[in-house]
Amino acid sequence: MSETGWTNELREFVEFKPRQSLASEAADNLREFIMLGRLAPGMPVRERDLAEVFGISRTPLKEALRILEAEGLIVYGPTRRPRVADPSLSEINDWLRVQGALEALAGELACAVATDAQLAKIEQINTAIKEARDTEGELEAFRMDMRFHEAIVAASGNEALAETHGTYNARLWRVRFLSSQRGINPEATRQEHLAIVQALIARDPAAARRALRNHLRTAETNIAATMKEAD
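Heads up: these notes are all about the structure in this document. All values reported here derive from a predicted model rather than from experimental measurement.

**Thoughts on helix 3 (residues 47–54)**
Taken together, the buried positions of helix 3 are occupied by Glu47, Leu50, Ala51, Val53 and Phe54. End-on, the buried residues of helix 3 take up no more than an arc of 160°, which puts them together on one face. Opposite the buried face of helix 3, at more than 90 degrees from it, the exposed residues are Arg48 and Glu52. Positive phi shows up at Gly55, right after helix 3, with a value of about 70°.

Okay, structure coming up:
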């Protein structure tokens, strides 16, 4: 995409976003652009252009970039110029394995401490994934998929786990979204989700741990194939 192309697209995008703090809003917009690939891995981040697009000064923009740096989405070179992170498959696999361990632990804890209402909400979100795919498209279905996992982590009742999981989710969102677009049979994903839901409702921690780890291993395989195709 040309220099003017990505700034114009970003400007149009942010006009429809709800207002919040300047740094948080800029971070949210940049995060989504990175996750959707509109700011490509390795691409320099031109602070002056972005500040103009967002209609803010460089100070809140720099704060937004620090937020994304903490999430692993922005990196700085020796000259302290920001660019979009471009992690290797090895790094991504390391993150996925940590995330898999976190979600497996969350499933175990949720079996013990989650309320019936929380488990019913997880089941409801899972049902809504297919409905979103049928009516709103793959992006919204993927967002619902991520909410499914976030709801399981929230049901664990462990704030430290949720905070760490959120960091890894941000780092992995883009590659997981891309892997979900490879035409993989959505029925396989539905069956994996169903196994997770059934284990949680049965409050079977061993089954929940096993189902969640299996699901993340599938994601690891899909992401590796996606990155190989991109080479």
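Anyway, onward from the coordinates.
**A few points about the pattern of salt bridges**
On inspection of all chains with the given rule, the structure shows 13 salt bridges. Here Glu108 and Arg209 are joined by a salt bridge, their closest N and O atoms 3.1 Å apart. Of this pair, Glu108 sits in helix 5 (residues 89–113) while Arg209 is found in helix 10 (residues 205–230), placing the two residues 101 residues apart along the sequence. By relative accessible area, Arg209 is classed as partly exposed at 31%. Linking Glu140 and Arg147 is a salt bridge whose minimum nitrogen-to-oxygen distance equals 3.3 Å. Using a relative accessible area of 15% as the deciding quantity, one classes Glu140 as buried. Judged by relative accessible area, Arg147 falls into the partly exposed class, the value being 35%.

Criteria and cut-off values
- Residues numbered from 1 in each chain as written.
- Predicted model: local features only at pLDDT ≥ 70, side-chain atom pairs only at ≥ 80, totals over all residues.
- Heavy atoms only, no water.
- Buried < 20%, exposed > 50% of the residue type's maximum accessible area, 1.4 Å probe, protein only.
- Helix = DSSP H or I, 4+ residues; strand = E, 2+ residues; numbered from the N terminus.
- Arc of directions from axis to C-beta.
- Salt bridge = Lys/Arg side-chain N within 4 Å of Asp/Glu carboxyl O.

Functional significance is not addressed by these values, which are geometric in nature.
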